[in-house]
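Here is how the chains run, residue by residue.
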Amino acid sequence: MELRTLRLPWVTADPLPYADSPYTCFRVSAAMSDRLPEAVSARLLDDAESSVRTTMALHARHRIDPATAERIDRGYRPEKRTDGIRPTTSPLPVEVLRRLATDPDPRMRQLAPPDPGLPVELVRRLATDPDHTVRRAIATHPLLPTRDLTQLLADPSEFVTATAAGNPRLPLAHMHRLLTLADL
C-alpha cells in the first residue's frame, strides 16, 4: 500500500522517464508534473489505475474536456477509505452537473452541488438523498431552503450534521442553539 500512495518529488521534477513505469507511485508522481507533453498527459488520463487518471486530471484541468472528466470521475476509486467527499477532476458544465444530480450513482450525484444555479427542486431532492455523502455535499448549497438546511442538522450522519451546522446561511437561532448545546 505504501508503494501505491508514495509521491516522489524527484519523479515529478523529471517525469518523462517514469511516465510508463510499472509502478503506480511513479506514474502518479509523473502525473503531478506540469512539464508533460500532450501525448504523455493523454496516456496518463487513460491509465489503467484510477489514482493515475485522477491525479493527471487534477493537475491538467485545462487539458481535459467534460466527457473525459466525467469518465474519470465515474471510474474514480479512492486508494484508502475516505469520508466520501471528493473533488471533481475538472469543472463540469452546468448542463452536466444538472444531469448528474439525478444520476443513479450517488458518487456522481455528489458532484452536482457546485452548480450555484442548481434548480431548487434538485437541491431539495439531493438534501433528502438516501446517501449521506450526497446530503453532505448539498448541505452548504446557497439555494438550499432554510427548512431543508435545518432538517439536515438532525441527520443521522455526523458528517452531514457538521457540514450543515457550518453553513453560513444557517439562521441565527439555530446557530445559538448549537453553541448552547456545545456549551460555548
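Structure: see above.
In this text the structure is predicted, and so the values were computed from the model without any measurement.

What counts, and at which threshold
- Residues numbered from 1 in each chain as written.
- Predicted model: local features only at pLDDT ≥ 70, side-chain atom pairs only at ≥ 80, totals over all residues.
- Heavy atoms only, no water.
- Helix = DSSP H or I, 4+ residues; strand = E, 2+ residues; numbered from the N terminus.
- Buried < 20%, exposed > 50% of the residue type's maximum accessible area, 1.4 Å probe, protein only.
- Contact = heavy atoms within 4.5 Å.
- Areas by Shrake-Rupley, 256 points an atom, 1.4 Å probe, with all protein chains shown as cover.
- Core = buried A, V, L, I, M, F, W, Y, C linked by side-chain atoms within 4.5 Å.
- Axes fitted to C-alpha atoms, helices over the stretch in contact; angles between N-to-C directions.
- Parallel < 35°, antiparallel > 145°, perpendicular 65-115°, else oblique.
- Nonpolar A, V, L, I, M, F, W, Y, C, P; charged D, E, K, R; others polar.
- Phe/Tyr/Trp six-rings, centres within 6.5 Å; stacked < 30°, edge-to-face > 60°.
- Salt bridge = Lys/Arg side-chain N within 4 Å of Asp/Glu carboxyl O.

Caption draft 1: Representation of the overall build of the chain in the model. Looking only at helices and strands, the chain features 13 helices and 0 strands. Buried residues in the chain amount to 45% of all 184 residues. Sequence-distant contacts in the chain: of pairs separated by 6 or more residues, those separated by 24 or more amount to 39%. When the accessible surface of the chain is totalled, it reaches about 9,900 Å², and 59% of it is carbon and sulfur.

Caption draft 2: View of the nonpolar core. Counting residues in each nonpolar core, the largest one holds 25 residues, and the members touching the most others are L44, L45, M56, L92 and L100. Secondary-structure elements contributing two or more residues to this core are α3 (24-31), α4 (38-45), α5 (50-59), α6 (66-74) and α7 (94-100). Ranked by residue count, the leading element in this core is α3, at 5 residues. Aside from chain neighbours lying at most four places away, what touches L44 is A19, R27, A30, A31, L36, V52, R53 and M56.

Caption draft 3: Broad picture of the packing of α4 against α5. Direction vectors running N to C along α4 and α5 enclose 135°, while the axes themselves pass 7 Å from each other. With respect to α5, the element α4 is oriented oblique. Here α4 contributes S41, L44 and L45 to the contact with α5, which in turn contributes V52, R53, M56 and A57. Residues of the contact of α4 with α5, tallied by class, amount to 5 nonpolar, 1 polar and 1 charged.

Caption draft 4: Broad picture of the packing of aromatic side chains. Evaluated as defined, the whole model comprises 4 aromatic pairs. Measuring from centroid to centroid gives 5.6 Å for W10 and Y18, while their planes differ by 85°, and the two rings are edge-to-face. Classification of W10 by relative accessible area gives partly exposed; the value is 48%. Residue class for Y18 comes out partly exposed when judged on its relative accessible area of 24%.

Caption draft 5: Structural context of the environment of V40. In this fold, V40 is placed in helix α4. V40 gets classed as buried once you look at its relative accessible area, which sits at 9%. Between the C-alpha atom of V40 and that of A30, which follows or precedes it by 10 residues, the distance is 9.6 Å. Those residues in contact with V40 that lie beyond four places of it in its chain are L16 and A19.

Caption draft 6: Broad picture of the pattern of salt bridges. Applying the stated criterion to the full structure yields 8 salt bridges. Among the ionic pairs, E70 bridges to R99, the shortest N-O distance being 2.6 Å. Highlighted residues: E70 in helix α6 and R99 in helix α7, separated in sequence by 29 residues. Residue R98 pairs with D115 through a salt bridge whose shortest N-O separation is 2.6 Å. Placement of the pair is R98 in helix α7 and D115 in the loop between α8 (106-109) and α9 (120-127), with a sequence separation of 17 residues. On the accessibility criterion, D115 (2% relative accessible area) is buried.

On their own, these measurements won't tell you what the molecule is for.
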